[in-house]
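Geometric and topological summary
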Amino acid sequence: MTADTLPAPLKGEVLAGEANKNVRMFAFGDPEPVLNRRELIDMLECWTNGRYYEPPIPLRALARAVNISPHHSSAIEYKILQLVKDFIPHPLLTRFEFEGWVRDFLSLANGYVERIDNQLGRPLKLKRSLAQYTRRGVRDGEFFFVSAIGREHAFAPGSVFQLMRPGLNQEMYGEPDYLSAIQSAQLNEDAVLFRRRYYLNGSHAGFIMYVSEEKLAEADADVIEDALMKSKGVGNFKNLFLHIPGGKEKGVQLIHPGEAAAKDEFLGVKGTTRDDILAAHRVPPVLIGVMPQNAGGLGDPAKAEEVFYWAEIVPLQQRFLALNDWLGIEVVRFVERKRPGAAQ
C-alpha cells in the first residue's frame, strides 16, 4: 500500500505516514467554542408576535430541569414547604393556589395570579395561572394563556398579577437565581446516566485483552474471542477460565483504559456538582437529607434551619406580599416567628 492508496482517515483519525504504515494515531474531543452557548442568552431580547412576548429562556426547558438533580428539586421543594407552612389562608386565596403560585415562582422565576371578579366587579377569588404557559402582552396589563398546542386565551386586562425575579437583560420576565448551577446539575445527571449504562452494559467500560503468549494457537484465540463475545450483554457477568500449559507470566493481560482515573470520578462529580447546586440555592445540606462524609457531620439542623429561615425564607415572604399592594387587600399573610434572642 502506498501513500496514495492509504484509506481516508475517519473523523478525528490521523493515519501514520510512509515510515510506519502499521501505526495509527487519532485525536478525540470536539473543538471548544470561543463563545459559550449560554452567553447567547445575554444577547437575546424577548421576541414578540405583536400580541405577547415570549420569554428569553424556554420555560418548558426550565420546568423539565426541576427534576434534573435530586439536590436541585429538593432545595426548591424545601423552600416551598417552608413558605406554605407559615402561610395563613384567606377566603380569596387558598393554600392550594398559594402553593402553586410559589412553585411557579421558585421554579421558573415567574408566578401569576388571576383575579376573578363577581358581577359587581369585586374580587371573588384568586387563582393561579400556570407560569409555563402564561405570556405577558405587548400592551400594559394584558396577559395571555398559551397552551402547549398553541391555543390562546386572553385574560381580562388588568386581571393578572405577575411576580417575577428581575433579570439583567430584560424586564418582561424573571430569570431564575439557579441558572449558574444548571451546568453542574446537567453534569450530575450525565454522571448518573453514564453510571447506569456502565452497569447495564455487560462488558462494563471495556478493556483491552493483550496476548503475547507464543503457545497460544490461532484456533485457541478464535475460541477466546467467541467466548468473550458471548459474555457481553445484560445478565452475562461471566468469568472466563484460560489455561495455557507452559505459558509465561504476563502472557495474557487485561488493560483497562482510564480505569485508575475513573475509579472515584463518579463520587467526585456527584459531590462537586451537589455543592454547586446547593450554593446556588443557598440551602444548608443538612436540611435536605445530604449524608455527612466525615465524623464531624453537617452541623446542628435546628441552628441551620433557624439561620436559613431568617436569611432566605423571610425575604421570600416579603416578595409575595407584593400581591397585597396590587390587590389592595391583605390576602398574603404569614405566621410570625420570634427572632432568636428577642424579648418575650
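Look up: the structure comes first, before these words.
Residues numbered from 1 in each chain as written. Predicted model: local features only at pLDDT ≥ 70, side-chain atom pairs only at ≥ 80, totals over all residues. Heavy atoms only, no water.

**Side note on the overall build of the protein chain**
To keep things clear, this is the line we draw: Elements are defined by DSSP. Helices are runs of H or I of four residues or more, strands are runs of E of two residues or more, and each kind is numbered from the N terminus. The accessible surface values rely on the Shrake-Rupley method and a 1.4 Å probe; as for residues, cover is taken only from the protein chains in view.
A tally of regular secondary structure across the protein chain gives 9 helices and 10 strands. As displayed, the protein chain offers around 22,500 Å² of accessible surface, 55% of which is attributable to carbon and sulfur atoms.

**Some points on the pattern of salt bridges**
The following threshold applies: Salt bridges are defined by distance alone: a side-chain nitrogen of Lys or Arg within 4 Å of a carboxyl oxygen of Asp or Glu. Each residue is assigned to one of three classes by its accessible area relative to the maximum for its type, calculated with a 1.4 Å probe on protein chains only: buried under 20%, partly exposed between the two thresholds, exposed over 50%.
The tally for this structure, following the rule as stated, stands at 12 salt bridges. A salt bridge links Lys 79 to Glu 312, with the nearest nitrogen and oxygen atoms 3.4 Å apart. Separated by 233 residues along the polypeptide, Lys 79 in helix α2 (residues 70-86) and Glu 312 in helix α8 (residues 301-320) bring together distant segments of the chain. Across this residue pair, the class does not change: Lys 79 and Glu 312 are buried. Between Arg 282 and Glu 312 there is a salt bridge, and its shortest N-O distance comes to 2.8 Å. With a gap of 30 residues between them, Arg 282 in the loop between α7 (265-281) and α8 and Glu 312 in helix α8 connect regions that are remote in the sequence. Within the structure, one salt-bridge network assembled from shared partners comprises Lys 79, Asp 177, Arg 282 and Glu 312.

**With respect to empty space enclosed by the protein**
Which parts of space are left empty comes out when a probe the size of a water molecule is rolled across the atoms. Test applied: Method remark: on a 1 Å grid restricted to protein atoms, a set of points is classed as a cavity if a 1.4 Å probe fits but cannot get out and as a pocket if it is open with protein on both sides within 12 Å along at least five of seven lines; lining residues have an atom within 4 Å of a point. Grid points are joined across faces, edges and corners, and a volume is the space filled by probe spheres set on the points. Each residue gets one label: Ala, Val, Leu, Ile, Met, Phe, Trp, Tyr, Cys and Pro are nonpolar, Asp, Glu, Lys and Arg are charged, and the others, such as Gly, are polar.
Inspection of the entire model under this criterion finds 1 cavity of 30 Å³ or more. The volume enclosed by the largest cavity comes to roughly 40 Å³. Along the walls of the largest cavity sit Pro 55, Pro 56, Ile 57, Leu 59, Leu 62, Asn 110, Tyr 173 and Gly 174, which together make up its complete lining. Its residues assigned to classes, the lining of the largest cavity shows 6 nonpolar, 2 polar and no charged.

**A closer look at helix α3 (residues 95-108)**
For clarity, the cut-off: Any helix carries an expected span of 1.5 Å times its number of residues minus one.
In this model α3 runs 20 Å from its N-terminal to its C-terminal C-alpha over 14 residues, within 8% of the 20 Å that 1.5 Å per residue would give. Among the 14 residues of α3, 10 are classified as buried, and the element is accordingly described as predominantly covered. Residues Glu 97, Phe 98, Gly 100, Trp 101, Val 102, Asp 104, Phe 105, Leu 106, Ser 107 and Leu 108 constitute the buried set of α3. Positive backbone phi, at 65°, marks Ala 109, one or two positions downstream of α3.

**So, the packing of aromatic side chains**
The description of an aromatic ring pair uses the distance of the two centres, along with the angle that the planes make with each other. We apply this condition: Between the rings of Phe, Tyr and Trp (Trp by its six-membered ring), a pair exists once the centres lie within 6.5 Å; its type follows the angle of the planes, with under 30 degrees stacked, over 60 edge-to-face, and the other angles tilted. Criterion for a charge above a ring: Arg CZ or Lys NZ at most 6 Å from the ring centre, at most 35 degrees from the ring normal.
One pass over the full model with this rule turns up 14 aromatic pairs. Considering the side-chain rings of Phe 98 and Phe 320, the 5.8 Å spacing of their centres and the 65° angle between planes classify their relative orientation as edge-to-face. Remark: Phe 320 occurs in helix α8 and Phe 98 occurs in helix α3; sequence separation between them is 222 residues. You'll find Phe 98 and Phe 320 in the same group, each marked buried. Judged by centre distance (5.5 Å) and plane angle (40°), the rings of Phe 161 and Trp 326 are tilted. Within this pair, whereas Phe 161 is found in strand β8 (residues 160-164), its partner Trp 326 is found in helix α9 (residues 322-327), the two being separated by 165 residues in sequence. Accessibility expressed as a relative area gives 30% for Trp 326, which makes it partly exposed. Of the aromatic side chains, those joined through ring pairs into one cluster are Phe 87, Phe 98, Trp 101, Phe 105, Phe 161, Phe 320, Trp 326 and Phe 334. For the cation-ring pair, Arg 337 lies above Tyr 309, with the distance from its terminal atom to the ring centre recorded as 3.9 Å.

**Some thoughts on the packing of α3 against α8**
To be explicit about the condition: Helix axes use the C-alpha atoms of the stretch in contact, all axes being lines fitted to C-alpha atoms, and the angles between their N-to-C directions lie in the range 0 to 180 degrees. The scheme is simple: roughly parallel for angles under 35 degrees, roughly antiparallel for over 145, roughly perpendicular for 65 to 115, oblique for anything else. Note on contacts: a residue pair is in contact if any heavy atoms of the two residues lie within 4.5 Å.
The geometry of α3 relative to α8 is characterised by a closest axis approach of 12 Å and an angle of 110° between their N-to-C directions. In terms of orientation, α3 and α8 fall into the roughly perpendicular class. Where α3 abuts α8, its residues Phe 98, Trp 101, Val 102, Phe 105 and Leu 106 lie against Leu 316, Arg 319 and Phe 320. Among the residues making up the contact of α3 with α8, the classes are represented as 7 nonpolar, no polar and 1 charged.

**Re the pairing of strand β6 (residues 143-146)**
Both faces of the sheet carry side chains from a regular strand, because those side chains alternate between them. The condition is simple: Each pair of strands is called paired provided DSSP finds at least two bridges between the two strands.
The pairing of strand β5 (residues 134-136) with β6 spans 3 bridges and is classified as antiparallel. Paired with Arg 136 across the bridge in β6 is Phe 143. The antiparallel pairing of β5 with β6 creates a hairpin that spans 6 residues between the two strands, and Gly 141 there sits at a positive phi of about 90°. Relative to strand β7 (residues 152-154), β6 is paired through 3 bridges, and the arrangement is antiparallel. The residue of β7 that forms the bridge with Val 146 is Glu 152. Linking two consecutive strands that pair antiparallel, namely β6 and β7, is a turn of 5 residues; a positive phi of about 95° is found at Gly 150 within it.

**Structural notes on the pairing of β8**
Burial within β8 is extensive, with 4 of its 5 residues counted as buried. Strand direction decides the pairing type here: strand β3 (residues 110-117) and β8, joined by 5 bridges, are antiparallel. From the neighbouring strand, Tyr 112 faces β8, where its bridge partner is Gln 162.

**With respect to the sheet that holds β3**
Taken in spatial order, the 3 strands make up an open sheet running β4-β3-β8, and their pairing is antiparallel. Edge positions in the sheet fall to β4 (123-129) and β8, since each of these pairs with one other strand and no more. Adjacent strand axes in the sheet meet at a mean angle of 20°, parallel and antiparallel pairs treated alike. Relative to β4, β3 runs antiparallel, the two sharing 6 bridges. Residue Arg 115 lies in a different strand from β4, and its bridge partner there is Leu 126. Together, β3, β4 and β8 form the strand contacts of α3, whose direction differs from that of β3 by roughly 150°.

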